[in-house]
Amino acid sequence: MSKLRLGVNIDHVATVRNARGSAYPDPVRAAILAQSAGADGITAHLREDRRHIVDDDIERMMDAINLPLNFEMAATDEMQAIALRHKPHAVCIVPERREERTTEGGLEVAREENRLAHFIAPLRDAGCRVSIFIAADKRQIDAAHRIGAQVIELHTGAYCDYHYEGKFEARDQELARLTEMAVYAHSLGLEVHAGHGLTYDTVAPIARLPQLMELNIGHFLIGEAVFVGLEGAIAQMRSLMDEARG
Ligand code: PXP
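Residues numbered from 1 in each chain as written. Predicted model: local features only at pLDDT ≥ 70, side-chain atom pairs only at ≥ 80, totals over all residues. Heavy atoms only, no water.

Q: Hey, could you run me through the overall build of the chain in this one?
A: The helix and strand tally for the chain stands at eleven helices and eight strands. In terms of overall size, the chain behaves like a compact globule, its C-alpha atoms giving a radius of gyration of 17 Å where 246 residues would be expected to give roughly 18 Å. By its C-alpha atoms, the chain is 45 × 40 × 35 Å across when sized along the principal axes. For the chain, contacts bridging at least 24 residues in sequence account for 68% of all contacts bridging at least 6. Carbon and sulfur atoms make up 51% of the accessible area of the chain, which totals about 11200 Å². Looking at the chain, you have 27 positive and 37 negative side-chain charges, and the mean spots of the two groups are 1 Å apart. (Helix = DSSP H or I, 4+ residues; strand = E, 2+ residues; numbered from the N terminus. Rg over C-alpha atoms; globule rule 2.2 N^0.38 Å. Contact = heavy atoms within 4.5 Å. Areas by Shrake-Rupley, 256 points an atom, 1.4 Å probe, with all protein chains shown as cover. Lys, Arg positive; Asp, Glu negative; His and termini not counted. Charge placed at Lys NZ, Arg CZ, Asp CG, Glu CD.)

Below is the structure:
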């Protein structure tokens, strides 16, 4: 089985910084530390309301890190222009609603196929790998494939929520859907990633799926870093992923 890459999402270092409007803690420092702790990539979501990562963080990150940057963004003209200016390694198109606390569901690709096909074409032409964040739903995978995305990221949020709510039957059903859809997307030639809500408790069954190439994990790692440091948290996640991979 190929090695599973770990993309570390540093958004919530910026959340803490912005809570005080101070200059620290600096998410770019976290990205540099994540790099030395064994992260395979850095993920950052520049939201329309700039609630965590801000434009200057992206500028500085592009200069400071050698790892591939996975730039999460909504499908808006503003974000497209920013992505085309920086040309990160990857862009991950996510749905975004101002009132949500975090990215709640996957992108509705099937209903917006035409617009999204035109939206991602210049990003692909600029050399970015285009990833689409979607639920484990065949209709959305087919649509992502048709519009020319190279990668899909499967939303693991529902699986993780069910786990912590003690709804184990629903969790296992969601895991079965994720498993089936990872196989299906891979059979279409899509590169398959997964992420959202993953923790030490929930990562292993996801990491075990052989079709997956990358996990993107943020909130839990940044929280755990308060107790054990970012390097320790990343090392522990890495070792659970490797163990699951066998
Ligand atoms: N992948 C995508 C597409 C996301 O939007 C997020 C959250 O920003 C993550 C992964 C990471 O989720 P979490 O912070 O819950 O680990």
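Q: Is there a simple way to explain the layout of surface pockets in this structure?
A: A water-sized probe, rolled over the atoms, reveals where empty space remains. Taken as a whole, the largest pocket encloses approximately 830 Å³ of empty space. Lining the largest pocket are 36 residues, and of these Thr102, Thr103, His196, Gly197 and His219 lie nearest its centre. Looking at the lining of the largest pocket, the elements that each hand over two or more residues are α1 (11-20), β6 (151-155), α7 (157-164), β8 (212-217) and α10 (219-228). Looking at the lining of the largest pocket element by element, the count peaks at five residues for α7. Per-class residue counts for the lining of the largest pocket are ten nonpolar, 17 polar and nine charged. (1 Å grid on protein atoms, 1.4 Å probe; cavity = no way out; pocket = protein on both sides within 12 Å on 5 of 7 lines; lining within 4 Å. Points joined across faces, edges and corners; volume = space filled by probe spheres on them. Nonpolar A, V, L, I, M, F, W, Y, C, P; charged D, E, K, R; others polar.)

Q: I tried to follow the site of the ligand on my own but got confused; where do I start?
A: Surrounding the ligand, one finds 13 residues, the nearest of these being Glu72, Glu153, Gly197, Gly218 and His219. One of the side-chain N or O atoms of Asn9 is found 3.3 Å from an oxygen atom in the ligand. Between Glu72 and the ligand, the recorded distance is 3.1 Å, taken from a side-chain N or O atom to an oxygen atom. Relative to its unbound accessible area of 390 Å², the ligand is 95% covered by the protein chains. For the shell around the ligand, a count of residues per class yields three nonpolar, seven polar and three charged. (Near = heavy atom within 4 Å. Polar contact = N/O pair within 3.5 Å; in protein donor to acceptor, adjacent residues only side chain to side chain.)

Distances and angles like these do not, on their own, reveal function.
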